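Architecture and fold: a report
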Amino acid sequence: DSGMAGSCSKARFLSLCDYKTEKYIVAKNKKVGVLYRLIQLTIIGYIIGWVFLSKKGYQETDESIQSSVITKLKGVSVTNTSESGVVVWGPEDYVIPPQGEGVLFVVTNFLETPNQQLGYCAEVRSHFVLTVLNLTFCVFLSLGLMSGRCIVSDVNSTGTCEIYGWCPVEKKFKPQRALLANAENFTIYIKNFIQFPKFSFSKSNVLETSDESYLKSCRYDEQIHPYCPIFELGDITRRAGYNFQDMACVFQGGSVGIMIDWDCDLDKGYSQCHPQYYFTRLDTTACNRSVAMGFNFRHTRYFKHHTGEIHRSLFKVYGVRFNIMVHGKAGKFSIIPTAISVGSGLALMGAVTFFCDMVLLYLMKSSTSYRERKYEETRYNTLYMCLYIC
Amino acid sequence: DSGMAGSCSKARFLSLCDYKTEKYIVAKNKKVGVLYRLIQLTIIGYIIGWVFLSKKGYQETDESIQSSVITKLKGVSVTNTSESGVVVWGPEDYVIPPQGEGVLFVVTNFLETPNQQLGYCAEVRSHFVLTVLNLTFCVFLSLGLMSGRCIVSDVNSTGTCEIYGWCPVEKKFKPQRALLANAENFTIYIKNFIQFPKFSFSKSNVLETSDESYLKSCRYDEQIHPYCPIFELGDITRRAGYNFQDMACVFQGGSVGIMIDWDCDLDKGYSQCHPQYYFTRLDTTACNRSVAMGFNFRHTRYFKHHTGEIHRSLFKVYGVRFNIMVHGKAGKFSIIPTAISVGSGLALMGAVTFFCDMVLLYLMKSSTSYRERKYEETRYNTLYMCLYIC
Amino acid sequence: DSGMAGSCSKARFLSLCDYKTEKYIVAKNKKVGVLYRLIQLTIIGYIIGWVFLSKKGYQETDESIQSSVITKLKGVSVTNTSESGVVVWGPEDYVIPPQGEGVLFVVTNFLETPNQQLGYCAEVRSHFVLTVLNLTFCVFLSLGLMSGRCIVSDVNSTGTCEIYGWCPVEKKFKPQRALLANAENFTIYIKNFIQFPKFSFSKSNVLETSDESYLKSCRYDEQIHPYCPIFELGDITRRAGYNFQDMACVFQGGSVGIMIDWDCDLDKGYSQCHPQYYFTRLDTTACNRSVAMGFNFRHTRYFKHHTGEIHRSLFKVYGVRFNIMVHGKAGKFSIIPTAISVGSGLALMGAVTFFCDMVLLYLMKSSTSYRERKYEETRYNTLYMCLYIC
């Protein structure tokens, strides 16, 4: 056979410059044909609609956004408490840390324990510990070190332990109302500058204006003032779906995420790349999960008596933490991703042929005759062909 | 030829609804056949096993996790040093910054230089500078500004420079033991709340319980208490492979990473999405690289005499930095990634055919006959075919 | 027909072990052939050059770098102002926060308002508000709360409002020169330790040396000292394209990004994985956008009189923020990405065939004859074939 085939094939050397293409069988089967065309159209629609229009598969993208966030708060509040007296709170006090970073905490409530000094005093117990310690023996707690002695303050009490620590100890405190009542009206100015190093593109979320007064009076509005990144705190929580007073008071603080999203199609030019702001509450929201809620911490201010003794003010502060996150991606036309998108789309077309072949060869009535024609057997056909030629 | 072919082709118009499929040659070669099936099975195994089961290629994924971390430490320590006297350390003092962020520093050792005032004093030199400066001339160093004068404190010394700065200057200090000895027993409560915006899915790593006492007494345990995110510091370093005392004392501080990993298969439901904790040491570990080791910094507390003069306490603190990193991805079934996975898998099948063709056409004995049959030459065959018909 | 085809096909059962391969038509068309080969070569070039050599498509990559950054500044500066007197600034004062994190602020200018106490005083108005408020009525501003009274300080003035707040209020201040003049010469030591958990690979950017003096005297140099991560601040801004004095003084502060990039080819070994440093200015650069420029914030130091009254020093500080970002990826040979790269490359080859088919079938003169041969019609051909056999 191979000898015959060999003689048949004389002068049929395949030049490298000949073009080879798959031989196709045309199956005059309308059902499979329509099925095939339908799936093909779906895939073409997917490639054009999804890959090219929606996902912009013809663009090279840069997701390694470089971002700098600077924040500045404005607003003043006055509080009047029995412990602290009248206090005026400016941003230098109620923003922690004060250096204007992307993560900042705004105090809405506080409890000051002034004039603490190291010494011995009776501990204020938490209810939980009291029920456990019916036997009045003194364990290690978080406010100081036990002296070992027990103090029975009145006849009916189970007694408290004496501690060595900062005295007087902090009172039990459940914030009933937001002390910094107008924190809601404080404004936050979020200056964000971004760069896409791959495309040497940089932009800021602040209007490039020479009118100095603009940024002192404007408020962010998606339609009218998209480049005035100044928000009222109450407005931010409202956009996140919460009432500021509730968050500050009932929930004893919380955590809000401010997402700045830069989705830039650089084929459309500089002026079409805008920041989008999204606001979400970042901590647990359900009211009944009381244990895991709220946000508070303690910080101190140390003072020295003229005698040299140290005393301090302990502040337990409740408030809202703002976390500014910057995300972004930029895309620009490039030939390589275009080729990959087209190529992988066409590769998907191959899958259609495979699927329709299965239908044609195994599910159709006339499948045997198709199978014969599709799969040409080498040995026999070579024989037949050569037979007729010779 | 083309004329003949033209006459032959009458009434053979290709309707758009005809189904076209590649014509295949069946090579009755068992070796290549088995090879082909083997590779094909490998690829199918790879697609099902790797792409679908392991990588969940049928899922749309969201890796842009939104996360909020709040930390709170508990524990008290007492130190007694000649410079500072007896001091009680609470979280408000030993956690820096105190506001409960995802990156926090826990003091384990400290050196206080109290009562520093601006003035002239003799500088404490480092050994390194002394060997260089045998000629006792005064250069700019980091503790203050040179006055230009040299002070010979005793006969055998090489002399020190007088500086204008905060006096007295800080002593040389190499921590010999952890002053906050029980820092190992401090507990850290890590509250983490995550969101996958694409799927509107949110979860917390804290047990949703109404039992207030649970979070006051529990400790994390992967089996028993997976939703009690409270760890002892010593336990964290132990899980990272280090002894807390060694880290605090011998290494003079260090840096530990706490990774919370949320790998959520949302097809399985809310209750199957759990946080995983991983602990690693983030700084150099080998003991001999003494230069690049440890973690310390200085901070100050400023006081005012009643005369109005400023003085300060300088604290050099050593400790362990904890860096809480949250990673995560969520996946949910979607038709588009499924299509892409199947399509690219089938495309890979094409590569098998290509590879087996090479084997069949160039490495087999009977390759010439295969080549003839595979590559049908247009001109001749058209001729033959038409010849027989006419 | 199907009956005839059925009788023809006896004994032609397709064994599973037969190898099936597409039948190709050889079109002796040099133009299309050359076009085909050209595109094929381009794709092979793309696969080898881009996918394999440039993008290292044969490697498994790990982009989830774990990084720890510790910074330490050195340098002392002396300032002499009318408000604050002579002050020596060490890193514990001019670095905010002092704990050596990856984001740090270096003070270059400051305005101290000492001895502020709560009380009533006249507000210093900003120019902007004065022009608006020609009618001298008192609105809520950011420095304190209005008492409601207006103070006419001199005959020609429009009057100012009396506030209750921290008095005296801060002066208007536009920094004319950098007070911490030699901040340019301060050095920053950036200790970076990275890990690629997938490959258990870890490295530091600090030379592993036992010579303690090395890190006290060296300065970073890409050629000579690539593992001495100590930079002068002036050098960093210079590499970012700015003069430190301009940035500190004219621009009233700014923001500089220090990117450490670890691009590690682990096939080449430990010693070939080096850190690369990139420096960019992260805030707006154009001089005319005066509103959005600079970086300043206020912080306070609280003191207590021996009478128990609180007073404070308010510091408005200007400076440069350094933001150290660590990026990195590691790659190592793996069989799976290699298979995917090869497979998708070959799939792209299929696209070439498709494209050349279009040219051959629709753009060439002899396209009709090709079309006939490429698309073999099932019904007729089966008939002919069987005819000759029987």
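The rules behind the values
Residues numbered from 1 in each chain as written. Chains lettered and ligands numbered in written order. Predicted model: local features only at pLDDT ≥ 70, side-chain atom pairs only at ≥ 80, totals over all residues. Heavy atoms only, no water. Buried < 20%, exposed > 50% of the residue type's maximum accessible area, 1.4 Å probe, protein only. Helix = DSSP H or I, 4+ residues; strand = E, 2+ residues; numbered from the N terminus. Expected span 1.5 Å × (residues − 1). UniProt positions renumbered as here; feature names shortened; annotations may be inferred. Contact = heavy atoms within 4.5 Å. Pairing = 2+ DSSP bridges. Salt bridge = Lys/Arg side-chain N within 4 Å of Asp/Glu carboxyl O.

This next bit is on helix α9 (residues 367–374) of chain A. For α9(A), the tally of buried residues reaches 6 of 8 residues, placing the bulk of the element in the interior. Among all positions of α9(A), only A:Ser367, A:Ser369, A:Tyr370, A:Glu372, A:Arg373 and A:Lys374 are buried.

This next bit is on helix α2 (residues 30–54) of chain A. Residue and element names in this part refer to chain A. The terminal C-alpha atoms of α2 lie 33 Å apart, and with 25 residues this matches the ideal 36 Å at 1.5 Å per residue to within 8%. Within the sequence span of α2, burial applies to Val32, Gly33, Tyr36, Gln40, Ile43, Tyr46, Ile47, Val51 and Phe52. Remark: Lys56 follows α2 within two positions and exhibits a positive phi of approximately 50°.

A word on the UniProt feature "binding site: ATP" (unreviewed entry) in chain A. Residues and elements named next belong to chain A. When the UniProt feature table is mapped onto this chain numbering, "binding site: ATP" (unreviewed entry) sits at Lys72, Leu73, Lys74, Thr187, Asn296, Phe297, Arg298 and Lys316. Spanning 245 residues, the annotated positions stay apart in the fold, the maximum distance between their C-alpha atoms being 24.5 Å. Classification of Lys74 by relative accessible area gives partly exposed; the value is 45%. Mapped onto the elements of the fold, Thr187 is located in strand β11 (residues 187–196). Under the relative-accessibility criterion, Thr187 is labelled buried at 11%. The residues contacting Thr187, other than those within four sequence positions of it, are Lys72, Leu73, Lys74, Arg219, Ile230, Phe231 and Glu232.

Residue and element names in this part refer to chain B. Looking at chain direction, strand β5 (residues 77–81) and strand β6 (residues 85–89) are connected through 5 bridges and run antiparallel. Each residue of the ladder has a partner; that of Asn80, found in β6, is Val86. A loop of 3 residues connects β5 with β6, the two strands running antiparallel in sequence.

Following the criterion strictly, the structure yields 27 salt bridges over all chains and no others. Between B:Arg312 and C:Glu92 there is a salt bridge, and its shortest N-O distance comes to 2.7 Å. Of this pair, B:Arg312 sits in strand β17 (residues 310–333) while C:Glu92 is found in helix α3 (residues 91–94), placing the two residues in two different chains. Classification of B:Arg312 as buried rests on a relative accessible area of 2%. Where C:Arg219 meets C:Glu232, a salt bridge forms, and the shortest distance between an N and an O atom there is 3.7 Å. Of this pair, C:Arg219 sits in the loop between α5 (214–217) and β13 (230–232) while C:Glu232 sits in strand β13; the two residues are 13 residues apart in sequence, bridging distant segments of the chain. Judged by relative accessible area, C:Arg219 falls into the partly exposed class, the value being 34%. Through salt bridges with shared partners, a single network forms among A:Glu92, A:Asp93, A:Arg301 and C:Arg312.

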